[in-house]
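Descriptive analysis of the structure
Residues per chain are reported as follows:
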Amino acid sequence: KTWSFFVYMPRFFAYWTGISPVIHFLSRGEYRFARRVAEGMLVYYAVIGAACYWDFLFGFAYLIAPHLEDVVFFGGISYMWHCYVEPSDPLNQYINSVTILDGHDNIWNEDYHVVHHDSPATHWTEVVKHYDTHKDEYVKHRATVFRDCEEGQMLYWMLSQQWDELAKHFVDMKGELDHEGKKELILRRLRYKVTYRDLHLEWE
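Here's what I pulled together on the structure shown here. Remember, it's a predicted structure, so these values are computed and weren't measured experimentally.

Here we come to the overall build of the chain. Helix and strand content of the chain: 12 helices and 2 strands. When its helices and strands are written in sequence order, the chain yields α-α-α-α-α-β-α-α-α-β-α-α-α-α. Its C-alpha atoms give the chain principal-axis dimensions of roughly 60 × 40 × 35 Å. Counting over 204 residues, the chain shows a buried share of 38%. Relative to all contacts within the chain whose residues are 6 or more apart in sequence, the contacts with residues 24 or more apart total 59%. As displayed, the chain has an accessible area near 12600 Å², and 60% of this comes from carbon and sulfur atoms. Taken together, the 20 basic and 29 acidic charged side chains of the chain have centroids lying 6 Å from each other.

What follows concerns the packing of helix α4 (residues 56–81) against helix α9 (residues 151–159). Orientation of α4 relative to α9, taken along the N-to-C sense of each, is 75°, at an axis distance of 10 Å. As judged from the angle between their axes, α4 and α9 are roughly perpendicular. Side by side, α4 and α9 meet where Gly-76, Ile-77, Tyr-79, Met-80 and Trp-81 of the first sit next to Glu-151, Met-154, Leu-155 and Met-158 of the second. The class makeup of the residues in the contact of α4 with α9 is 7 nonpolar, 1 polar and 1 charged.

Of note, Arg-142 is situated in the loop between α8 (135–140) and β2 (145–147). We classify Arg-142 as buried; its relative accessible area is 15%. Polar side-chain contacts of Arg-142 include one of 2.8 Å to the side chain of Asp-172. A distance of 2.8 Å separates the side chain of Arg-142 from the side chain of Glu-176, its partner in a polar contact. Filtering out sequence-adjacent residues up to four positions away, Arg-142 remains in contact with Ile-95, Asp-172, Lys-174, Glu-176, Leu-177, Leu-185 and Arg-189.

For the rest of this paragraph, the subject is the packing of aromatic side chains. Under the counting rule described, the total for this entry stands at 19 aromatic pairs. Centre to centre, the rings of Trp-16 and Phe-74 are 5.1 Å apart; their planes meet at 15°, and the pair counts as stacked. With Trp-16 in helix α1 (residues 3–16) and Phe-74 in helix α4, this residue pair connects regions lying 58 residues apart in the sequence. Accessibility expressed as a relative area gives 31% for Trp-16, which makes it partly exposed. Residue Phe-74 is classed as partly exposed on the basis of its relative accessible area, which comes to 33%.

Here helix α11 (residues 179–191) is 13 residues long and its end C-alpha atoms lie 18 Å apart, about the 18 Å a rise of 1.5 Å per residue gives. For α11, the complete set of buried residues consists of Gly-181, Lys-182, Lys-183, Leu-185, Ile-186, Leu-187 and Arg-189. At its buried positions, α11 is contacted by α5 (93–96), β2 and α10 (163–169). With a side-chain oxygen lying 3.3 Å from the backbone nitrogen of Glu-180, the N-terminal cap of α11 falls on Asp-178.

Under the definition given, this model contains 9 salt bridges. Glu-39 is the partner of Arg-35 in a salt bridge, and the nearest nitrogen-oxygen pair spans 3.6 Å. Here Glu-39 and Arg-35 lie together in helix α3 (residues 31–54), a separation of 4 residues that amounts to about one turn. Classification of Arg-35 by relative accessible area gives partly exposed; the value is 47%. Assessed through its relative accessible area of 43%, Glu-39 is described here as partly exposed.

We now examine the nonpolar core. Judged by nonpolar contacts, the single largest core of 24 residues is most densely connected at Tyr-84, Val-98, Phe-146 and Met-154. At the level of secondary structure, the elements contributing two or more residues to this core comprise α1, α4, α9, α10 and α11. Looking at this core, the element that brings in the most residues is α4, giving 5 residues. Among residues more than four places away in sequence, those in contact with Val-98 are Met-80, Trp-81, Tyr-84, Asp-111, His-113, Val-114, Thr-144, Phe-146 and Met-154. Val-114, Val-127, Tyr-131 and Met-173 belong to the second largest nonpolar core, which has 12 residues in total.

The rules behind the values
Residues numbered from 1 in each chain as written. Predicted model: local features only at pLDDT ≥ 70, side-chain atom pairs only at ≥ 80, totals over all residues. Heavy atoms only, no water. Helix = DSSP H or I, 4+ residues; strand = E, 2+ residues; numbered from the N terminus. Buried < 20%, exposed > 50% of the residue type's maximum accessible area, 1.4 Å probe, protein only. Contact = heavy atoms within 4.5 Å. Areas by Shrake-Rupley, 256 points an atom, 1.4 Å probe, with all protein chains shown as cover. Lys, Arg positive; Asp, Glu negative; His and termini not counted. Charge placed at Lys NZ, Arg CZ, Asp CG, Glu CD. Axes fitted to C-alpha atoms, helices over the stretch in contact; angles between N-to-C directions. Parallel < 35°, antiparallel > 145°, perpendicular 65-115°, else oblique. Nonpolar A, V, L, I, M, F, W, Y, C, P; charged D, E, K, R; others polar. Polar contact = N/O pair within 3.5 Å; in protein donor to acceptor, adjacent residues only side chain to side chain. Phe/Tyr/Trp six-rings, centres within 6.5 Å; stacked < 30°, edge-to-face > 60°. Expected span 1.5 Å × (residues − 1). Salt bridge = Lys/Arg side-chain N within 4 Å of Asp/Glu carboxyl O. Core = buried A, V, L, I, M, F, W, Y, C linked by side-chain atoms within 4.5 Å.

Here's what the structure looks like:
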């Protein structure tokens, strides 16, 4: 549902502003990490406050507005990267992280987003090689892979519910699904609601 994006955005705002990471670290007893994030937030927002005190228009135009723009832009991209979840395997990173082949806006190979989570230490110049080396895993898990598109297009197709357009660009790594099968799979993965139990399993 389109409204789920707007439900997600406040959560992303809490993350991007540093609030939810601090709460997360505190809840896990990782006080050193919580303190370091809080200290960084204090410095960052102190700079914004000082700039606005000196000249509010300058502070708003050069610090507050870009910060809010970041929340909207990166919130949308984050939503697009991770909105596909297989009900039978909700923590499978090959499914809940999108891969785009022959992407139109592949900056630093970010379109191979699974690698970002599976092997975060991999240098961006080695990302495609990592994908090729582990391609059997993408096939095994019928990874969420699209071709010949880019993040902004995909977000627009999702929010405007253009499922046929998404299915048109979806790559069935097993080569078994027709157009309707691809659309059914896409909708099944988009409709799943992640539960607290899923998150608990991930944190264990």
